[in-house]
Amino acid sequence: MAPWPSLPKGDRQFPAPVFDDELLRQPHEPNIPIHQRTTPPNPQKDSPLFNGLIPPEIRNEIFSYALTETTSTDPSALYPEHISRPDYTASTSICTALLQTCRLIYLETYRLPALNREHVFWHERGPPSPADSYIDVEEGYFSRMPSWQLDLVTEIHLFTQMYWLEQSFEDFCRRSFNAKVEKLKITIRRGDWWWNESNEPLFIHPKIDSPGFDEMVDSIRYDRAAARAGKPLQSFEDGSWGSAFKLLPSLKELEIEFETSDDKSEELENIVDWAKTWKFPMKEGTVLSTEGCEEENWSWESTVSYWSENCPYCGVSSRATCDFTQVPGGEANPGCVEMRARMARGEGPTLHVRSLGWKVVEDVKVEDL
Ligand SMILES: [Zn+2]
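Residues numbered from 1 in each chain as written. Predicted model: local features only at pLDDT ≥ 70, side-chain atom pairs only at ≥ 80, totals over all residues.

A count of helices and strands for the protein gives 11 helices and 10 strands. For the protein, the residues scored as buried account for 20% of the 369 residues in total. The long-range share in the protein, meaning contacts at least 24 apart out of those at least 6 apart in sequence, stands at 71%. (Helix = DSSP H or I, 4+ residues; strand = E, 2+ residues; numbered from the N terminus. Buried ≥ 20, exposed ≤ 12 C-beta atoms within 10 Å, placed from the backbone. Contact = placed C-beta atoms within 7 Å.)

Written out as structure tokens, the structure is:
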């Protein structure tokens, strides 16, 4: 190996160190977080923010606005087309320089970065990972936070493919970084359903371990009949993802977004109707219930990569060979024609998002008749 090249003597231009006298006079408390140190802050009476000219509630708004998470406008920060979606178009950041201005401002604002940032995880189907790997998975991300900061994490948003929900969600719920999480949001995107690549029928089942489409159909039928007869609905098996919420000690609210494309909106409606009856078991006789919670519906226009590989209208196995005529009588299928026209314009299908909310309530037992 070649030795390190040495700099020519006399040519080293290191800047002279600048010492902050004020900092040097303060007692050295290296391992104590700044907000727990005993050093009193300068009251900053020369500043309009602290001398009464600007009222405290306005000051709080200014600080909160300055520490808002913002989406980068740099073209290199844009998410790839197949990941980009409303509110998630490029990487985001919070500029924390304000915290370094003085101790008094630090003390008023140090909680805001953890509170204002959305703690969002993509589970192998998201924007490219940053160079320091594992920062985009929960364990790596939260391991960088000291415990006082972790205590401020009260909301988490998960984009989840079905395999992750079924195989990893329970393990996620057991992790200690969730100790203070009061609200969990789960988004199931158009491409997150099982076998979306081949345009298989949508299926999801929170009540049994390793479910399939047929089990879902049976359970929907069972629960509908039970509801009509005033009997208990199918319960949540151990090992099912729906039985894992009770492992989150502080959870009070859940939101699930279900997304699919135009051609599958009827299938989704069927699932959402069933989902409204899900009562996820929690601790001490409580459940997460949709009763009295808000519902939201919204749509957006996606891009070409959101089309299924199969033609969703005539069902041929590659949309490139769709010949528009797979309907009785040989007439052009209007769905196929529309898809071709949209693809030619660089457009994807219209995507529909159905959002349901759950809150923790007392479980009212339905007795067997
Ligand atoms: Zn077709």
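Once you've had a look at it, read on.
Residues Val 181, Leu 184, Phe 245, Leu 254, Phe 280 and Leu 288 are the most contacted members of the largest nonpolar core, which totals 32 residues. Every element with two or more residues in this core is listed here: β4 (155-159), α8 (169-174), β5 (183-188), β6 (253-261), α10 (265-275) and β8 (286-289). Excluding residues that lie within four positions of it along the chain, Val 181 makes contacts with Val 153, Thr 154, Glu 155, Ile 156, Leu 248, Ser 250 and Leu 251. (Core = buried A, V, L, I, M, F, W, Y, C linked by C-beta atoms within 7 Å.)

Assignment of secondary structure puts Ser 72 in the loop between β1 (70-71) and β2 (92-93). Taking the C-alpha atoms as reference points, Ser 72 and Thr 89, 17 residues apart in sequence, are found 8.9 Å from one another. The contacts of Ser 72, once residues within four sequence positions are left out, are Ala 77, Ala 90, Ser 91, Thr 92 and Ser 93.

Now for the environment of Leu 99. Within the secondary structure layout, Leu 99 lies in the loop between β2 and α3 (103-109). Between the alpha carbons of Leu 99 and Pro 113 there is a distance of 9.8 Å; along the sequence they are 14 residues apart. Leu 99 has contacts with Ile 105, Tyr 106, Thr 109 and Tyr 110, leaving out every residue within four places of it along the chain.

This part is about unusual backbone geometry. The residue Asp 87 is not glycine, and still its phi comes out positive at about 75°. The exposure class assigned to Asp 87 is exposed, which follows from the 7 C-beta atoms found within 10 Å. Despite not being glycine, Trp 195 has its phi angle at roughly 55°, a positive value. Following the sequence through the fold, Trp 195 ends up in the loop between β5 and α9 (213-229). Given 13 C-beta atoms within a 10 Å radius, Trp 195 is considered partly exposed.

Moving on, we come to the confidence of the model for the protein. Within the protein, residue pLDDT values average 88, and 87% of them lie at 70 or more. Taken as a whole, residues 1-19 scores under 50 in pLDDT and shows two contacts with residues more than four places along the chain or in a different chain. (pLDDT = per-residue confidence, 0-100.)

Our next topic: the pairing of β5. Strand direction decides the pairing type here: β4 and β5, joined by five bridges, are parallel. Residue pairing in the sheet places Phe 159 in a bridge with Thr 187 of β5. Pairing geometry for β5 and β6, over six bridges, is parallel. Along β6, the bridge assignment pairs Leu 184 with Leu 254. Between the parallel pair β5 and β6, the chain is carried across by α9, and the sense of this crossover is right-handed. (Pairing = 2+ DSSP bridges. Right-handed = clockwise from strand over helix to strand, strands pointing away.)

Attention shifts here to the environment of Ser 250. For Ser 250, the position within the fold is in the loop between α9 and β6. For Ser 250, a count of 11 C-beta atoms within 10 Å gives the class exposed. Separated by 96 residues in the primary sequence, Ser 250 and Thr 154 place their C-alpha atoms 8.6 Å from one another. Not counting residues within four places of it along the chain, the set of residues in contact with Ser 250 comprises Ala 179, Lys 180, Val 181 and Glu 182.

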